[in-house]
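What follows is the residue order along each chain.
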Amino acid sequence: MSFLQTYIDFKNRRAEVNASIESIIDASKDSAKNAVWNLDNDLGALVIKGLTYFNHFSYVAILDECDNMLAESNDTDAEQFNKVLSFFNVPNIKEYIVPLAESDSSQVSRTELPLEFGKMLVRINIHSSLSDVYERAVTTFIISLAGYIFISFTLVLLYHFSLAAPLMRLASRFERVNLSSFTEQSIRKLKGHESDEFSKIIDSANDLLGRIASGQTLLTQRSQRFRLILDTAPAIIYSLDNEGKFVFANKATASFYGFSLFDLKGKLASETIQPVDPSLMEVLNKFIADNSRQMSKILEAYDSQKIKCVMEMSLVKFHTYEGQSILVVGNDVTKRVEAEEKIEHLAYCDSLTNLPNRNKVYERLNAKNITLSNSQYQVAILADLDQFKRINDTLSHSVGDQLIVKLADRLSTEFEDIGFVARLGADEFLLHSEQLSSNREIAKTTAFELAEKLRKCVNRGIDIGLHHYNLSASLGVVVFKPGFETADEILQYADTAMYESKKAGRNCSTLFIDKMATDAAKLLKLERDISTAIFKDEFFFVLQPLISSVTMEISSAEALIRWQRDDTIVAPDDFIPFLEESALIIDVGDKMLTKVCEFLAQLKQRGLLTNSFKIAVNISGKQLLESNFIDKVTNVLRKHQIAGHYLEFEITESVALGNLKDTINKINQLKEIGISFSLDDFGTGYSSLSHLKDLPVDKLKIDRSFINDINVDKQDENLVKSILQIAVNLGIVTVAEGVETKEQVEWLTENGSMLLQGYYFSQPILPAEFVDKYLTPTIK
């Protein structure tokens with residue numbers, strides 16, 4: 001600011017000096033002109049004297065037109081020179097040439113005018129004219145500098161006492177904070193600064209120290225918890241640095257290698273692991289040397305006692321300040337591996353005989369199909385023990401199991417060098433032999449001979465304790481070439497041939513032929529079609545009425561299953577025989593029971609269901625054998641809010657006598673909820689009369705084969721009369737099936753009170769038609 005003020009002062013002063021000089025010169029010009037015109041030296045001297053009165057006029061001279069000196073004044077000794085002004089390019093001397101002419105409009109110029117008759121020379125000392133401004137500027141600068149120095153010194157003192165000194169004291173207190181302490185610490189406030197910015201800094205610092213203490217405590221707790229977790233973990237966990245030294249290890253690692261945690265830290269892995277487990281050390285070194293970031297591997301490991309275990313190792317590389325390190329996590333999976341081996345053994349071996357089971361057979365046959373597509377013919381022989389269920393039922397399952405075990409040992413020993421013996425099921429065995437012959441006929445002959453050898457091996461007696469047992473088997477033989485049939489197909493063909501052996505009288509061998517394959521394919525397709533029909537809900541039922549022989553009015557109805565595939569109704573004889581032998585009968589039977597109950601619920605809702613009316617539903621043996629069959633029936637009745645007395649279950653005598661004790665028990669339980677039972681096709685089985693008194697059935701259905709000829713065959717007539725009399729004596733209602741003629745109706749009505757069922761009264765019809773025909777009241 002002082003420099004700026006001085007600059008402006010100098011600028012103004014120079015303008016004033018220039019104006020004053022021009023004014024003085026202009027005022028003296030006329031007198032100088034007269035002196036030159038008159039050549040008056042005294043007047044010239046007087047003019048010059050007047051000009052030299054001003055100190056900054058250092059030289060003045062008046063000359064005539066011939067440059068003759070008229071008057072002169074030269075005071076060069078009085079000229080001043082200022083280095084500072086020269087530094088700022090301010091000239092020290094400035095000269096003026098003033099022309100003296102007749103015209104009044106004379107100009108100060110170096111150029112001569114035509115009318116000039118003299119001139120006046122003037123030299124101005126600029127530094128002298130600005131000396132007072134310079135002296136004033138120096139004074140001002142000195143005063144300003146002194147003020148600035150004073151202010152600066154004052155500010156320094158103020159800064160020191162109000163800021164620097166408190167900051168130093170504050171820094172000293174910060175330095176005294178113990179960073180290694182986990183306890184919360186605080187910094188005292190500075191005296192005299194309890195409510196200013198220093199106070200806020202200290203408050204913030206104390207808050208930070210509190211949070212640091214809390215964080216340190218939390219980190220310590222987490223570290224302790226993490227350490228506790230690692231030390232209690234059964235897994236081996238440790239870390240090695242780039243030199244192969246232990247950086248970290250948990251207790252499981254230290255115990256595994258026979259060290260304490262203190263001794264293990266910093267120890268070289270080559271000193272610890274190498275002596276007891278060089279193979280693991282080789283894996284670690286290889287992992288450290290290669291470029292992979294992580295690795296998982298199951299390998300055998302050894303502890304400090306040289307005890308082998310199976311270890312699942314996971315290795316991961318990570319970087320630290322010291323360089324690259326690796327983290328090793330090892331889980332002892334010995335028990336798991338043993339369990340997996342045991343599970344695999346259970347999955348592929350029979351638990352009773354220790355022979356390969358069905359899963360192993362599938363694996364073997366399918367594997368051979370892939371790898372031996374051009375090999376010779378092979379044979380699969382399926383042996384099913386005859387009447388083995390009778391042994392279990394009469395002699396107990398314990399004896400049956402002993403027989404199976406002894407037979408398995410005999411077969412595996414006898415055919416050890418010939419083929420592969422497996423147990424497929426309870427009483428089913430399979431012999432698989434390879435490389436019979438490349439000629440199919442020779443292979444068939446060899447296969448049949450092998451099957452007969454197997455059959456005779458089964459026929460040989462088995463001794464258990466003091467008892468001797470003889471077994472027989474029905475065998476199905478399949479000759480095949482690998483790559484053309486799957487395991488499922490091979491076993492299915494063998495099963496088909498085995499059933500042919502059973503049909504032929506058991507204890508024989510049957511070779512599978514192409515016709516059997518065609519029949520088996522048809523059955524397989526039928527099974528797939530039935531499965532699809534169940535999924536699409538293509539099965540439905542029709543109703544056939546049962547008429548009282550006394551009143552000739554409807555008493556009840558039988559629900560008969562039907563199958564509508566697309567737009568075609570499949571004939572019952574085309575699928576019911578197969579369905580009765582298949583496990584699919586359970587799903588189909590459940591659906592039929594549900595549909596019948598839904599129909600009864602609809603009749604009840606419409607007010608068309610009388611208490612005496614009921615619908616008979618056929619129940620298969622497989623359904624009745626289900627452990628939860630009673631629960632299923634109860635749940636269906638409860639769901640549709642139907643009482644049990646509206647239902648009747650029809651069972652065949654073969655079903656009833658298959659497991660008589662269990663059948664009687666389930667019949668009695670179902671009868672407690674109101675369901676009645678009828679015995680279908682009575683008279684066709686050999687055991688009916690001997691067990692009829694034990695079965696708690698409510699009806700007997702005389703098979704249609706006896707009803708057909710009662711008017712022409714005296715033997716059938718007497719047999720039906722006997723059945724009717726037995727039913728009367730036992731208090732059981734009789735149903736005559738297959739009534740088709742008026743003569744049959746008349747004969748039956750004359751020989752007792754019964755229910756009649758057959759085409760004479762009605763074919764099986766749809767439920768809606770049945771309701772319209774029999775249950776809807778007619779308006780008179």
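Located above this text is the structure these notes cover.
Each residue is numbered by its place in its chain's sequence as written, counting from 1. Residues qualify for local features only when their pLDDT is at least 70, as the model is predicted, and side-chain atom pairs are given and counted only at 80 or more; totals for whole chains, interfaces and linings, by contrast, use all residues. Note that water and hydrogens are dropped before the side-chain values are worked out from all heavy atoms of the structure.

A.B. asks: Looking at this structure, how should I read the overall build of the protein chain?
C.D. replies: Each helix is a run of DSSP H or I of at least 4 residues and each strand a run of E of at least 2, with the numbering of both proceeding from the N terminus. Summing up its helical and strand segments, the protein chain has 28 helices and 25 strands in all. Taken over C-alpha atoms, the radius of gyration is set against a globule rule of 2.2 Å times the number of residues to the power 0.38. Taking 780 residues into account, the globule formula puts the C-alpha radius of gyration at 28 Å, and the protein chain, at 64 Å, lies well above it. Its C-alpha atoms give the protein chain principal-axis dimensions of roughly 200 × 95 × 70 Å. Only protein chains enter the accessibility calculation, which uses a 1.4 Å probe; a residue whose area is less than 20% of its type maximum is buried, one above 50% is exposed, and one in between is partly exposed. Per-residue burial over the protein chain gives 43% buried out of 780 residues. For the protein chain, contacts bridging at least 24 residues in sequence account for 62% of all contacts bridging at least 6. For the protein chain, the accessible surface area stands at approximately 44,100 Å², while carbon and sulfur atoms represent 54% of it. Contact definition: two residues touch when any of their heavy atoms are within 4.5 Å. We get accessible surface area from the Shrake-Rupley algorithm with a probe of 1.4 Å; when it comes to residues, only the shown protein chains can shield them.

A.B. asks: How do you make sense of the packing of aromatic side chains when you look at a structure like this?
C.D. replies: For any pair of aromatic rings, the description consists of the separation of the ring centres together with the inter-plane angle of the planes. To pair, rings of Phe, Tyr and Trp, with the six-membered ring standing in for Trp, must have centres within 6.5 Å; the planes then decide the type, stacked if under 30 degrees apart, edge-to-face if over 60, and tilted in the middle. Applying the stated rule across the entire model yields twelve aromatic pairs. Where Y493 meets F512, the ring centres are 4.4 Å apart and the plane angle is 15 degrees; that geometry is what we call stacked. Of the two residues, Y493 sits in helix α16 (residues 487-503) while F512 sits in the loop between β16 (509-511) and α17 (514-536), which places them 19 residues apart along the sequence. Both residues of the pair, Y493 and F512, count as buried. Among the aromatic residues, those joined into a cluster by ring pairs are F539, W563 and F575. Above the plane of the ring of Y348 lies K360, whose end atom (NZ or CZ) is 5.4 Å from the centre. Over the ring of Y377 we find K481, and its NZ or CZ is 5.5 Å from the ring centre. Lysine and arginine charges are scored as sitting over a ring when NZ or CZ, respectively, is within 6 Å of the ring centre and within 35 degrees of the ring normal.

A.B. asks: I would appreciate a short explanation of helix α14 (residues 397-414) in the present structure.
C.D. replies: Residues that lie three or four places apart on an α-helix share one face, since the helix turns once every 3.6 residues. Over its 18 residues, α14 extends 25 Å from the first C-alpha to the last, a length consistent with the 26 Å expected when each residue adds 1.5 Å. Of the positions making up α14, those classed as buried are V399, G400, L403, I404, L407, A408, R410 and L411. To estimate the expected span of a helix, count its residues, drop one, and scale the result by 1.5 Å.

A.B. asks: Please clarify how the packing of helix α5 (residues 131-175) against helix α6 (residues 197-232) should be interpreted in this entry.
C.D. replies: Each packed pair of helices is defined by two parameters, the angle between the axes and the distance between the axes. Close contact between α5 and α6 brings their axes to 12 Å; oriented N to C, the two are set at 15 degrees. One way to sum up the angle between α5 and α6 is to call them roughly parallel. Once α5 is placed against α6, the crossing between them reads as right-handed. Residues S162, L163, P166, L167, L170 and F174 of α5 pack against F198, I201, I202 and A205 of α6. Gly is placed with the polar residues, together with every amino acid not listed as nonpolar (Ala, Val, Leu, Ile, Met, Phe, Trp, Tyr, Cys and Pro) or charged (Asp, Glu, Lys and Arg). Tallied by class, the residues present in the contact of α5 with α6 amount to nine nonpolar, one polar and no charged. To get an axis, a line is fitted to the C-alpha atoms, and for a helix only the part in contact is used. The angle between two axes follows their N-to-C directions and goes from 0 to 180 degrees. For classification, angles of less than 35 degrees are called roughly parallel, those exceeding 145 degrees roughly antiparallel, those between 65 and 115 degrees roughly perpendicular, and all remaining angles oblique. By the definition used in this description, the sense in which the near helix is turned from the far one sets the handedness, with an anticlockwise turn below a right angle giving left-handed and a clockwise turn giving right-handed.

A.B. asks: Would you mind going over the pattern of salt bridges with me for this structure?
C.D. replies: Salt bridges are identified by distance alone: a Lys or Arg side-chain nitrogen within 4 Å of an Asp or Glu carboxyl oxygen. Under the defined criterion, the tally for this structure stands at 31 salt bridges. The closest approach of N and O atoms between R364 and E434, which form a salt bridge, is 3.2 Å. Taken together, the residues span a long stretch of sequence, with R364 in helix α12 (residues 358-371) and E434 in the loop between β12 (428-433) and α15 (440-459) at a distance of 70 residues. The exposure class of E434 is partly exposed, given its relative accessible area of 24%. Counted as one network, the salt bridges with shared partners bring together E558, E650, K701 and E737.

A.B. asks: Any chance you could explain helix α21 (residues 629-640) here in plain terms?
C.D. replies: Under the 1.5 Å per step criterion, the end-to-end length of α21 is 17 Å for twelve residues, consistent within 8% with the ideal 16 Å. Residues F629, I630, V633, V636, L637 and H640 constitute the buried set of α21. The buried residues of α21 all sit within an arc of 130 degrees when viewed along its axis, so they share a single face. Among the exposed residues of α21, those pointing more than 90 degrees away from its buried face are R638 and K639. Where α21 terminates, the next one or two residues include Q641, which has phi positive at roughly 55 degrees. Arc, as used here, means the arc of the directions from the helix axis to the C-beta atoms.

A.B. asks: Is there a simple way to think about empty space enclosed by the protein in this case?
C.D. replies: Space left empty within the atom packing is revealed by a probe, the size of a water molecule, rolled over the atoms. Only protein atoms enter the calculation, which uses a 1 Å grid: trapped sets of points that fit a 1.4 Å probe without letting it out are cavities, open sets showing protein on both sides within 12 Å along at least five of seven lines are pockets, and any residue with an atom within 4 Å of a point is a lining residue. Grid points are joined across faces, edges and corners, and a volume is the space filled by probe spheres set on the points. Under the definition given, this model contains two cavities of 30 Å³ or more. Taken as a whole, the second largest cavity encloses approximately 40 Å³ of empty space. Lining the second largest cavity are R14, V17, N18, I126, S129 and L130. A per-element tally of the lining of the second largest cavity places helix α1 (residues 2-38) first, with three residues. Of the residues contributing to the lining of the second largest cavity, the split by class is three nonpolar, two polar and one charged.

A.B. asks: Sorry if this is basic, but what is going on with unusual backbone geometry here?
C.D. replies: Across residues other than glycine, the phi torsion is negative in most instances, and most of the peptide bonds are trans. The backbone phi angle of D537 is positive, close to 60 degrees, even though this residue is not glycine. As for its position among the elements, D537 is in the loop between α17 and β17 (539-548). What makes D537 partly exposed here is its relative accessible area of 41%. Of note in this structure, D566 is not a glycine but carries a positive phi near 60 degrees. Note on placement: D566 falls in the loop between β18 (554-565) and β19 (568-570).

A.B. asks: In this structure, what is going on with the pairing of strand β2 (residues 69-74)? I would like to understand it.
C.D. replies: Within a regular strand, the side chains alternate between the two sheet faces. As defined by bridge partners, strand β1 (residues 57-64) adjoins β2 across five bridges and the pair is classed as antiparallel. Bridging across to β2, A61 finds its partner in E72. The hairpin formed by β1 and β2 contains four residues between the paired strands, and D67 there has a positive phi angle of roughly 60 degrees. Any two strands with at least two DSSP bridges between them are considered paired.

A.B. asks: Would you take a moment to explain the pairing of strand β11 (residues 420-423) for this structure?
C.D. replies: Neither face of β11 is exposed, since F420 and A422 on one face and V421 and R423 on the opposite face are all buried. Note that β11 and β12 share four bridges and pair antiparallel. Paired with V421 across the two strands is L431, which belongs to β12. Between β11 and β12, which follow one another and run antiparallel, lie four residues.

A.B. asks: Hey, could you run me through the sheet that holds strand β10 (residues 378-385) in this one?
C.D. replies: The strands making up a sheet associate through hydrogen bonds between their backbones, and the pairing can be parallel or antiparallel. Strand order in the open sheet formed by five strands is β11-β12-β10-β15-β16, and the pairing between neighbours is mixed. Looking at which strands have only one partner, the edges of the open sheet turn out to be β11 and β16. Adjacent strand axes in the sheet meet at a mean angle of 20 degrees, parallel and antiparallel pairs treated alike. With three bridges joining them, strand β15 (residues 473-480) and β16 adopt parallel strand pairing.

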